[in-house]
Amino acid sequence: MSGLFKTYRVLALIVGVLLVVGSIASVLKWAYRLQDHILLEGSTLQRLGADLVPVWSFHGFIYIIYVIVAFVLTQKAGWTFPRFLLMMIAGLIPGLIFWVEHRVAVQLRAEHPELAAKKA
């Protein structure tokens, strides 16, 4: 694969995993504050959620790099701004990025095989 396409795919996977982990951590951290006090305050799961909060900082840093790489990829492929916007939004909604990355890979291989080609 071209370096840009490979970088996009790796970043999409990392951003997606961090987003899912961060979302689960937030749910665990704030579950006590819900109406029925789902988790006991200070429980192991709640502490785990609090300990995983730094995942959001790492997600934000990697997400910025992901957006830049996605922008360059859409420019090289000649895709429209709405497609780039979908790629950006996918990094903010848990789970969506995995579907979008797959669709981008399929479409890039079909429309621009030179960008997705494996280098020998």
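Our subject is the structure that appears above.
Calculation criteria
Residues numbered from 1 in each chain as written. Predicted model: local features only at pLDDT ≥ 70, side-chain atom pairs only at ≥ 80, totals over all residues. Heavy atoms only, no water. Helix = DSSP H or I, 4+ residues; strand = E, 2+ residues; numbered from the N terminus. Buried < 20%, exposed > 50% of the residue type's maximum accessible area, 1.4 Å probe, protein only. Contact = heavy atoms within 4.5 Å. Areas by Shrake-Rupley, 256 points an atom, 1.4 Å probe, with all protein chains shown as cover. Axes fitted to C-alpha atoms, helices over the stretch in contact; angles between N-to-C directions. Left-handed = near helix turned anticlockwise from the far one by under 90°. Nonpolar A, V, L, I, M, F, W, Y, C, P; charged D, E, K, R; others polar.

Draft legend 1. Region of interest: the overall build of the protein chain. Counting its regular elements, the protein chain contains six helices and zero strands. Evaluated residue by residue, the protein chain yields a buried proportion of 35% over its 120 residues. Within the protein chain, counting contacts between residues at least 6 apart in sequence, those at least 24 apart form 70% of the total. On the protein chain, roughly 7,300 Å² of surface is accessible, and the fraction owed to carbon and sulfur atoms is 70%.

Draft legend 2. Looking closely at the packing of helix α4 (residues 81–90) against helix α5 (residues 96–111). Contact pair α4 / α5: the axes reach a minimum separation of 8 Å and the direction vectors enclose 145°. In this structure, the crossing between α4 and α5 has a hand that is left-handed. Between α4, through R83, L86, M87 and A90, and α5, the contact on the second element is made entirely by L96, I97, V100, V104, Q107 and E111. The class makeup of the residues in the contact of α4 with α5 is seven nonpolar, one polar and two charged.

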